[in-house]
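Breakdown of the fold
One letter stands for each residue in the lines below.
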Amino acid sequence: MKRPSASAGLLLAMVAGAAGAAAARADTRVALIPRLTLGAGYDDNLFLDANPSGALPSQIRSDAIFDVEPALRGELGAGRHSFALSLDYLERITPANGDLRDLAARLDWRSPELGPIRLALAGLYEHYQAEAFPDDTFDRGGGEAGARLTAGRHVSFAALYRFDARAYPDPTRSGQLDLEQLASAALRLQLHARLGAELAYTFLHIGSNNPTAALDRHRGDLALTA
């Protein structure tokens with residue numbers, strides 16, 4: 001899903017304070033963090049009407065946008081383990097192209113540090129729909145596994161694997177099902193007290209019963225941080 005840039009509009013953010021509660025045991029921590037973001041602006045590339053039939057040329061949709069984004073994050077720490085549940089919802093209102101809605105849920109578990117290694121698992125679910133393009137409505141669910149290896153104060157390595165399935169309920173999609181796999185690796189170096197570098201590689205594979213949706217994509221990134 002393409003998110004609009006906020007540079008063309010006014011962004012108002014309302015962040016509610018985090019409410020933390022200590023449980024009976026000192027090594028158990030609970031927090032509930034609500035958030036609400038409001039935004040308004042204009043996007044000159046809001047939707048791309050790809051027109052799968054090819055009978056008509058594709059059209060770029062532009063429109064004003066009004067965003068309402070509530071979110072809720074719950075965190076639980078039990079001993080050296082940590083759990084987090086995040087719920088994010090986007091209601092995007094446009095005068096000419098109808099509404100767009102996106103709900104994402106994520107459940108994370110992080111292990112205690114096993115020497116230099118930290119492990120993480122996550123479950124993912126997303127529901128997306130746009131009134132102007134009902135055939136693009138989908139439900140996606142999957143899982144993610146990652147590991148981080150820290151070698152001293154200046155070097156760390158992270159690896160991630162994600163698998164998810166995306167289904168389109170609209171009958172014009174003829175039961176399209178996409179299976180997505182993503183693998184990434186990143187090497188981070190602290191070059192100086194105020195300068196760091198990251199070298200990353202990502203591979204994305206999408207298999208689908210619709211041949212036009214299948215793809216393989218490679219991406220490399222080099223970033224400097226100050």
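Residues numbered from 1 in each chain as written. Predicted model: local features only at pLDDT ≥ 70, side-chain atom pairs only at ≥ 80, totals over all residues. Heavy atoms only, no water.

When you go through the protein chain residue by residue, the secondary structure sums to zero helices and twelve strands. Reading the secondary structure of the protein chain in the N-to-C direction produces β-β-β-β-β-β-β-β-β-β-β-β. Scored against the burial criterion, the 226 residues of the protein chain give a buried share of 26%. Only carbon and sulfur atoms are counted for the fraction: they give 63% of the accessible area of the protein chain, which is about 13900 Å². (Helix = DSSP H or I, 4+ residues; strand = E, 2+ residues; numbered from the N terminus. Buried < 20%, exposed > 50% of the residue type's maximum accessible area, 1.4 Å probe, protein only. Areas by Shrake-Rupley, 256 points an atom, 1.4 Å probe, with all protein chains shown as cover.)

Okay, unusual backbone geometry next. With phi around 55°, Ser174 is a residue other than glycine that occupies positive phi space. The residue Ser174 is located in the loop between β9 (155-167) and β10 (177-192) in this model. Classification of Ser174 by relative accessible area gives exposed; the value is 64%.

With the rule as written, the count across this model stands at two aromatic pairs. With a centroid separation of 5.2 Å and 20° between ring planes, the pair formed by Tyr128 and Phe138 is classed as stacked. Of this pair, Tyr128 sits in strand β7 (residues 117-130) while Phe138 sits in strand β8 (residues 138-151), and the two are ten residues apart along the sequence. The same class applies to Tyr128 as to Phe138, namely buried. Seen in terms of ring centroids, Phe138 and Tyr168 are 6.0 Å apart; in terms of plane orientation they differ by 65°. Their pairing is edge-to-face. Linking Phe138 in strand β8 with Tyr168 in the loop between β9 and β10, this pair joins segments that are 30 residues apart in sequence. The structure contains a cluster of three or more aromatic residues connected by ring pairs, namely Tyr128, Phe138 and Tyr168. Here the guanidinium or amino end of Arg166 rests over the ring plane of Phe138, the centre of that ring lying 5.7 Å away. Here the guanidinium or amino end of Arg173 rests over the ring plane of Tyr168, the centre of that ring lying 4.2 Å away. (Phe/Tyr/Trp six-rings, centres within 6.5 Å; stacked < 30°, edge-to-face > 60°. Lys NZ or Arg CZ within 6 Å of the ring centre and 35° of its normal.)

The next point concerns the pairing of strand β12 (residues 215-225). Within β12, only zero of the eleven residues are buried, leaving the element largely exposed. Sheet topology note: the strand β11 (residues 195-208)/β12 ladder contains eleven bridges and is antiparallel. Counted as the bridge partner of Thr202 is Arg219 from β12. Where β11 folds back onto β12 in an antiparallel hairpin, the turn is made up of six residues. (Pairing = 2+ DSSP bridges.)

Before going further, it helps to spend a moment on the pairing of β9. Across 13 bridges, the pairing between β8 and β9 is antiparallel. Following the sheet pairing, Gly143 is matched in β9 by Phe163. The turn joining β8 and β9, which pair antiparallel and follow one another in sequence, is formed by three residues; a positive phi near 75° is taken by Gly152. Taken together, the 13 bridges between β9 and β10 define a ladder with antiparallel strand orientation. Paired with Tyr161 across the strands is Ala183, a residue of β10.

Within the element layout of this structure, Asn97 appears in the loop between β5 (81-94) and β6 (98-110). Only 3.0 Å separates the side chain of Asn97 from the side chain of Asp63, close enough to count as a polar contact. (Polar contact = N/O pair within 3.5 Å; in protein donor to acceptor, adjacent residues only side chain to side chain.)

Further remarks concern the side chain of Thr94. Structurally, Thr94 can be placed in strand β5. Within the structure, the side chain of Thr94 is placed 2.5 Å from the backbone oxygen of Gly98, a separation counted as a polar contact. With near-sequence residues (within four places) excluded, Thr94 lies in contact with Leu46, Asp63, Ala64, Ile65 and Asp99. (Contact = heavy atoms within 4.5 Å.)

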